[in-house]
Amino acid sequence: MQVTNVNDVRVYNLTCGQQAAPEWMDDTKKKKSKKEADAKQRIELIQGFEMPMLSNSISMTRDGQYIFVTGSYKPRVRCYDVNELSLKFERCFDHECIQMKILSEDYSKIVFMHANRYIEFHSQVGNYHTIRTPKQGRQFDYRYSSCDLYCVGATNEIYRFNLEQGQFLEPISSKSPGFNTCQFNPEHELFACGSVEGVLECYDPRARSSVGQIDCAVFANSNSGNSLPAISCLKFKDALNLSVGTSTGQILLFDIRSNKPYFIKDHNYNLPIKRIDFHTQNDDYILSIDKKICKIWNRHTGKNLTSMEPGTPLNDMLNIPGSGLICLTNDSPKIFVYYIPTLGNAPKWCTFLDNITEELEEKPADTVYDDYKFLTLKELDTLGLSHLIGSDLLRAYMHGYFMDIRLYNQAKTVAEPFAFAEYRKKKLRQKIDEKRERSRVPLPIVPTVNKDLAEKLRHDEGETTTKNKKKKAKNAEDKISASSVLKDSRFQSLFTNPDMQIDVNHDAFKNIAPLVSRLNKQTAVEEDVESMEEGDDDEDYDDREGNDEEVDLMDDILTSDEDEDEEKKAAVTPRRTKLVPVGAEDEGDQETLRSLSFSERARRTADSDKSSTFTRPSVANKIPTDNKEKRRKRNTDDDDDHRRNVRRAPRGRMNSRRGEP
């Protein structure tokens, strides 16, 4: 499958790389050819979608289930079932088929026009009936309301054959020497014919007379000398719009209420237009083919959407209704199948194409050739390969040449040996610049138009960041419209277009200037009030904290008074234990004595001396070692008293508070 990208529209050629197997090849060799590595990469949408030599016309049933293709050689018709993606049946003819028409919803009723003036009617079992026209026919159409078959050709008469009665009716005479094409309008059954002289004639089948004619050769650019451009094909879009293709490559779009075309499209190949079709999903696009190219273009502007140029002469076209799948018959065995996702999705019977194309979207597409490089004459001189012009190594194309990519890479290496080093330096420089840009602090871009307004909006936007969270959310809601003005694309012209500059000297601005200043003052007052309210809230919070501190101070003072009373009681209460002098052997007693004051230790030492003159110190008079925990607890209580005394207020302040009423 080949993918091309023309005008940023991807076109998938599903037939690229496929080769038709010869008819004389046996089944065993055909199976072997399908197992090749190259064949495994191909996409065969419908099995055996080909002809032995070439394909002429192609058509699809109205139920969208069967595709009919005529071709040669031998002359034949093949019916393909799209639900099974395979061939349903094949029938051969005695002569080449010019045109076919499917009369029923399915494949049960078909009409074929042959090159030997015969018209065959086929049913689902085969050939049902054959008739012969007086003159060679070129095209025909069927009128469903009356079961009449209208046939035009190399004569000035329009033959009518009624399928209900099984006989010819009286023909319709015309002044034109012959016709190339004809078609019924499906809405009001107006019968339009295109003559070999470039005249469009319209007939009412009820009156069997001409109701009007338009000379289309006047609007076509004839490059064929003295001969007039003929009408080669017709196509009705609806009840009013009609497209006409000429033999010189022009397409005229008419409104049948006017005698002049409202748009003319030229293929620029001076080849007859063979088929015109309106896309059913995108009504703005028209598909048209000539012998060389198939173009898809806009019917309002004439701009080309994309085009397909397979390289072999084209004969007919089928656009699968409601999809982007296009089939082209040509003078080669394979029937070209193209898929264009821009026109529409894949049909329901081959939805797997969407999955395949989605995977290919991620890969780059080759625009023209896979293994060739396009070079201009200047680039050839730079590489020193201008002497190859005219040889087989260069292929002239447009304003340059195509060269094999391998030869180009070798020449590039020789001509620029330090290209890789320069490329590496360039990449390193880009990375360094990107790193510097990320490390820099971005500065706000001040517009040149309405600079004061932009600065005011930025100032208003920045004020929201100085508030607390609750105020910030409230202010952000109020100023969201101001900040969005600078970022919204709808207001970009306000800061880029000089015509949008605010003129402060204009009378209209002077009239609203007092109102603007008053609003600014009101806004400033509101902001001051808000700041004052915030200051009052802060003061209330400080007062509450101060009151809490005073309460804590009073608790400390009362606690300290209670501790002093307890200390006084403890000092008055006599001690029941008798301490050992300093010279005693007990280390715990010595530590206890060291912790006491000097006067207390001296007093207790004197008492111990007096008692020692009368009685011998015993073990009972010593402090037991089991009291260490009690002493440690007492020391901890002393530390707590020390901490309370540190937080105690001065005596003068305490006395003043006690003396207050």
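The model shown is predicted, which means the values in this text are computed figures rather than measured ones.

Turning our attention to the overall build of the chain. When helices and strands are tallied, the chain shows 14 helices and 32 strands. Going through the 661 residues of the chain one by one, you find that 36% of them count as buried. Across the chain, every contact between residues at least 6 apart in sequence was considered, and the portion connecting residues at least 24 apart equals 46%.

Here we take up the packing of aromatic side chains. Tallied over the full model, the rule gives 15 aromatic pairs. Between Phe219 and Phe254, the ring centres sit 6.4 Å apart and the planes meet at 75°, which makes this aromatic pair edge-to-face. Taken together, the residues Phe219 in the loop between β18 (209-215) and β19 (231-236) and Phe254 in strand β21 (residues 250-255) connect sequence positions 35 residues apart. Residue class for Phe254 comes out buried when judged on its relative accessible area of 1%. Arranged with centres 6.3 Å apart and planes meeting at 25°, the rings of Phe263 and Trp297 form a pair that is stacked. Here the residue Phe263 occupies a position in strand β22 (residues 263-266), and Trp297 occupies one in strand β25 (residues 294-298), the gap between them amounting to 34 residues. The exposure class assigned to Trp297 is buried, which follows from its relative accessible area of 0%. Among the aromatic residues, ring-to-ring pairing joins Tyr66, Phe68, Phe89 and Tyr107 into one connected group.

This part takes up the sheet that holds β25. The strand order across the open sheet formed by four strands is β23-β24-β25-β26, and the pairing between neighbours is antiparallel. At either end of the open sheet lies a strand with only one pairing partner, and these are β23 (275-278) and β26 (304-308). Averaged over all neighbouring strand pairs, the angle between strand axes comes to 15°, with direction disregarded. In terms of strand pairing, β25 meets β26 through four bridges, oriented antiparallel. By the bridge assignment, Lys295 is partnered in β26 with Ser307.

This next bit is on the pattern of salt bridges. Any two side chains of opposite charge can pair if their charged atoms end up close together. A full pass over the atoms with the stated rule returns twelve salt bridges. The closest approach of N and O atoms between Lys334 and Glu50, which form a salt bridge, is 3.1 Å. Of the two residues, Lys334 is situated in the loop between β28 (325-330) and β29 (336-339) and Glu50 in the loop between α2 (37-40) and β3 (54-60); the sequence distance between them amounts to 284 residues. The same class applies to Lys334 and to Glu50, which are both buried. Between Asp238 and Lys237 there is a salt bridge, with the nearest N and O atoms lying 3.9 Å from each other. Residue Lys237 is classed as partly exposed on the basis of its relative accessible area, which comes to 26%. The network of salt bridges with common partners includes Arg76, Arg78 and Glu90.

With that settled, consider the UniProt feature "domain: NUC153" (unreviewed entry) in the chain. According to UniProt, the positions carrying the feature "domain: NUC153" (unreviewed entry) are residues 488-514. With 44% helix and 0% strand, the stretch residues 488-514 has end C-alpha atoms that lie 29 Å from each other.

It is worth spelling out the pairing of strand β24 (residues 285-289) at this point. Burial of β24 is extensive: four of the five residues sit out of reach of the surface. Examined bridge by bridge, β23 and β24 share four bridges and lie antiparallel to one another. Opposite Asp277, over in β24, you have Leu287 as the bridge partner. Hairpin connection, β23 to β24: the antiparallel pair is bridged by six residues. Relative to β25, β24 runs antiparallel, the two being bridged by five bridges. Residue Leu287 lies in a different strand from β25, and its bridge partner there is Ile296.

A word on the sheet that holds strand β8 (residues 110-114). The strand order across the open sheet formed by four strands is β7-β8-β9-β10, and the pairing between neighbours is antiparallel. Looking at which strands have only one partner, the edges of the open sheet turn out to be β7 (97-102) and β10 (126-132). The average angle at which neighbouring strand axes cross in this sheet is 20°, direction not considered. Relative to β8, β7 is paired through five bridges, and the arrangement is antiparallel. Among the inter-strand pairings, Cys97 is bridged to a residue of β8, identified as His114.

Among the nonpolar cores identified, the biggest contains 24 residues, and Leu45, Phe49, Ile67 and Leu325 are the most heavily contacted of them. Looking at this core, the elements that each hand over two or more residues are β3, β4 (66-72), β28 and β29. Non-local contacts of Phe49, meaning those with residues more than four positions away in its chain, are made with Ile58, Ile67, Val69, Tyr80, Cys327, Lys334, Ile335 and Val337.

When a strand is regular, its side chains alternate between the sheet's two faces. Most of strand β16 (residues 191-195) sits inside the fold, with five of its five residues counted as buried. Burial along β16 is two-sided: Phe191, Cys193 and Ser195 and Ala192 and Gly194, pointing in opposite directions, are all buried. When strand β15 (residues 179-184) meets β16, the two strands line up antiparallel, connected through five bridges. Across the sheet, Gln183 pairs through a bridge with Ala192, a residue of β16.

Cis rather than trans, the peptide bond between Ser72 and Tyr73 has omega equal to 0°. Mapped onto the elements of the fold, Tyr73 is located in the loop between β4 and β5 (76-81). Between Tyr73 and the following residue, Lys74, the backbone shows a cis peptide bond with an omega angle of 15°. Within the secondary structure, Lys74 sits in the loop between β4 and β5. One non-glycine residue, Arg208, adopts positive backbone phi at about 55°. One can find Arg208 in the loop between β17 (199-204) and β18. Judged by its relative accessible area of 43%, Arg208 is partly exposed. Here the phi dihedral of Asn270 falls at roughly 55°; this positive angle occurs in a residue that is not glycine. Within the secondary structure, Asn270 is located in the loop between β22 and β23.

Tracing the backbone shows Ile231 in strand β19. By relative accessible area, which is 0% here, Ile231 ends up buried. When the C-alpha positions of Ile231 and Ser247 are compared, they lie 6.0 Å apart, and in sequence the two are 16 residues distant. Once residues lying within four places of it in the same chain are set aside, the contact partners of Ile231 are Asn180, Thr181, Gly194, Ser195, Gly198, Val199, Leu200, Cys216, Val244, Gly245 and Thr246.

Take the environment of Leu234 next. Mapped onto the elements of the fold, Leu234 is located in strand β19. Through-space distance from the C-alpha of Leu234 to that of Gly245 is 6.3 Å; in sequence the pair is eleven residues apart. Ignoring anything within four residues of it in the chain, the contact list for Leu234 reads Thr181, Cys182, Gln183, Ala192, Cys193, Gly194, Leu200, Ser243 and Val244.

This part is about the environment of Gly137. Here Gly137 is to be found in strand β11 (residues 137-143). According to the relative accessible area criterion, Gly137 is buried, its value standing at 5%. Considering only alpha carbons, one finds Gly137 and Arg117, 20 residues apart in sequence, at a separation of 6.3 Å.

Reading the values: rules and limits
Residues numbered from 1 in each chain as written. Predicted model: local features only at pLDDT ≥ 70, side-chain atom pairs only at ≥ 80, totals over all residues. Heavy atoms only, no water. Helix = DSSP H or I, 4+ residues; strand = E, 2+ residues; numbered from the N terminus. Buried < 20%, exposed > 50% of the residue type's maximum accessible area, 1.4 Å probe, protein only. Contact = heavy atoms within 4.5 Å. Phe/Tyr/Trp six-rings, centres within 6.5 Å; stacked < 30°, edge-to-face > 60°. Pairing = 2+ DSSP bridges. Axes fitted to C-alpha atoms, helices over the stretch in contact; angles between N-to-C directions. Salt bridge = Lys/Arg side-chain N within 4 Å of Asp/Glu carboxyl O. UniProt positions renumbered as here; feature names shortened; annotations may be inferred. Core = buried A, V, L, I, M, F, W, Y, C linked by side-chain atoms within 4.5 Å.

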